[in-house]
Amino acid sequence: MENLLTVDRLTKAFEIHHLGHIIPAFATLSFSVAPGEFLLLSGPNGVGKSTLLRTLYRTYRPVSGHVWYTLPRGQGRIDLARAADIDIALLRRREIGFVTQFLTARPRVSAEDVVAEPLLQAGTPLQEAREEARHWLETFGVKRDLWAAYPMTFSGGEQQKVNLARALIRPQRLVLLDEPTASLDAQARGALVARLADLKAGGVAMIGVFHHPGDVETLVDREIRLQPMEMANVA
Ligand SMILES: Nc1ncnc2c1ncn2[C@@H]1O[C@H](COP(=O)(O)OP(=O)(O)OP(=O)(O)O)[C@@H](O)[C@H]1O
């Protein structure tokens, strides 16, 4: 099967000007992911796991290397490291999801509408999208009383559940997961693993960092262990 993502000699470092340091995150990293594959990213604190996910999502630009993403329907492939911002925005809307432990706070938008939004953007009628949103809020264990409330006031765990429901409501082709279970209770962790298993069975590729990798051991196809690198001085 053709790979969905091919990472080729990807290098990322942060230049800290006021200290005259370059903090390397990872260098000449190469790997690939096929549809339906689940990759676990591991390594000690500060090794660059979140940075790698953010570079794949193009929140960060790499120093060098390529992130080849295969477009659907034989449209060829695009280098996420160099693609135009407009193309990245379209891919994020339609094909590539990112789940973090932090809620993207939106003032005065109810939990059910935060979750329904990706379906509305895809053309689902409002009532149908809201019903689906409520289904996922229930599945992840958000109390019914909170569905019409604003998530900005929710507890950390409740916000995380809203985040997950929103990020996973519409199957995408690639999902990046940055410690999505960090503040979840056991019921929500179980619901998340079940949802990820369904997405995987449906051909969704996933790359994730997990606080407790045991949660997803039944899903993992491969592990990429990042190695610590030496800090350098700015030349
Ligand atoms: N925006 C940034 N500017 C400067 N340095 C950064 C930035 N983001 C991350 N770093 C540095 O890059 C290194 C990798 O950080 P990253 O958050 O990717 O590690 P991690 O493996 O996800 O860590 P953890 O397991 O603790 O979550 C760290 O030394 C961090 O200080």
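Residues numbered from 1 in each chain as written. Predicted model: local features only at pLDDT ≥ 70, side-chain atom pairs only at ≥ 80, totals over all residues.

Going by the annotation in an unreviewed UniProt entry, the name recorded for the protein chain is ATP-binding cassette domain-containing protein, with Mesorhizobium retamae given as the source organism.

A. Looking closely at the overall build of the protein chain. Of regular secondary structure, the protein chain possesses 6 helices and 10 strands. Against the compact-globule benchmark of 18 Å for 235 residues, the protein chain has a radius of gyration of 18 Å, which places it among compact chains. Principal-axis analysis of the C-alpha atoms places the extent of the protein chain at approximately 55 × 40 × 35 Å. With 235 residues in all, the protein chain has 34% of them scored as buried. Considering only contacts within the protein chain whose residues lie at least 6 apart along the sequence, 71% involve residues at least 24 apart. (Helix = DSSP H or I, 4+ residues; strand = E, 2+ residues; numbered from the N terminus. Rg over C-alpha atoms; globule rule 2.2 N^0.38 Å. Buried ≥ 20, exposed ≤ 12 C-beta atoms within 10 Å, placed from the backbone. Contact = placed C-beta atoms within 7 Å.)

B. Just the site of the ligand, in detail. Near the ligand you find F14, I23, A25, G43, N45, G46, V47, G48, K49, S50 and T51, and these make up its full shell. Sorting the residues of the shell around the ligand by element identifies β2 (21-33) and α1 (49-56) as the ones contributing at least two each. Of all the elements, α1 adds the most residues to the shell around the ligand, at 3 residues. Broken down by class, the residue content of the shell around the ligand amounts to 4 nonpolar, 6 polar and 1 charged. (Near = placed C-beta within 6 Å. Nonpolar A, V, L, I, M, F, W, Y, C, P; charged D, E, K, R; others polar.)

C. Broad picture of the sheet that holds strand β3 (residues 38-42). Spatially, β6-β7-β8-β3-β9 is the arrangement adopted by the 5 strands of the open sheet, whose pairing is parallel. Whereas interior strands pair on both sides, the edge strands pair on one side only; in this sheet they are β6 (96-99) and β9 (222-225). Between one strand axis and the next, the sheet turns through 15° on average, direction left out of account. Here strand β7 (residues 174-178) runs beside strand β8 (residues 205-209); their pairing, made up of 5 bridges, is parallel. Residue pairing for β8: V175 is matched across the bridge by M206. (Pairing = 2+ DSSP bridges. Axes fitted to C-alpha atoms, helices over the stretch in contact; angles between N-to-C directions.)

D. Inspection of the packing of helix α3 (residues 111-121) against helix α4 (residues 126-139) at higher detail. Where α3 contacts α4, the two axes come as close as 8 Å, and the packing angle between them is 120°. By the angle between their directions, the pair α3 and α4 is classed as oblique. Note that α3 runs across α4; the crossing there is right-handed. Contacts from A111, E112, V115, A116, L119 and L120 in α3 reach L126, A129, R130, E132, A133, R134, W136 and L137 in α4. Of the residues in the contact of α3 with α4, the class split is 10 nonpolar, no polar and 4 charged. (Parallel < 35°, antiparallel > 145°, perpendicular 65-115°, else oblique. Left-handed = near helix turned anticlockwise from the far one by under 90°.)

E. The arrangement of the packing of α3 against helix α5 (residues 156-168) in detail. Contact geometry of α3 with α5 gives a least axis separation of 7 Å together with a crossing angle of 25°. When the interaxial angle is binned, α3 and α5 end up roughly parallel. The element α3 and its partner α5 pack so that their crossing is right-handed. Contacts between α3 and α5 involve A111, V114, V115, E117 and P118 from the first element and V162, A165 and R166 from the second.

F. View of unusual backbone geometry. Positive phi, close to 55°, is recorded for R108, a residue that is not glycine. Here R108 lies in the loop between β6 and α3.

G. Up close: the nonpolar core. With 57 residues, the main nonpolar core has V115 and A165 as its most contacted residues. Setting aside residues up to four positions removed in sequence, V115 forms contacts with A133, W136, L137, V162, A165, R166 and I169. (Core = buried A, V, L, I, M, F, W, Y, C linked by C-beta atoms within 7 Å.)

H. Looking closely at the environment of R9. On the secondary structure map, R9 appears in strand β1 (residues 5-16). We classify R9 as exposed; it has 12 C-beta atoms within 10 Å. Spatially, the C-alpha atom of R9 lies 42 Å from that of E138, the residues being 129 residues apart in sequence. Look past the residues within four positions of R9 in its chain and what remains in contact with it is T28, S30, S64 and G65.

I. The arrangement of helix α6 (residues 186-201) in detail. Under the 1.5 Å per step criterion, the end-to-end length of α6 is 23 Å for 16 residues, consistent within 8% with the ideal 22 Å. Lining the buried residues of α6 we find α4, α5, β7 and β8. The first or second residue beyond α6 is G203, which carries a positive phi of 95°. (Expected span 1.5 Å × (residues − 1).)

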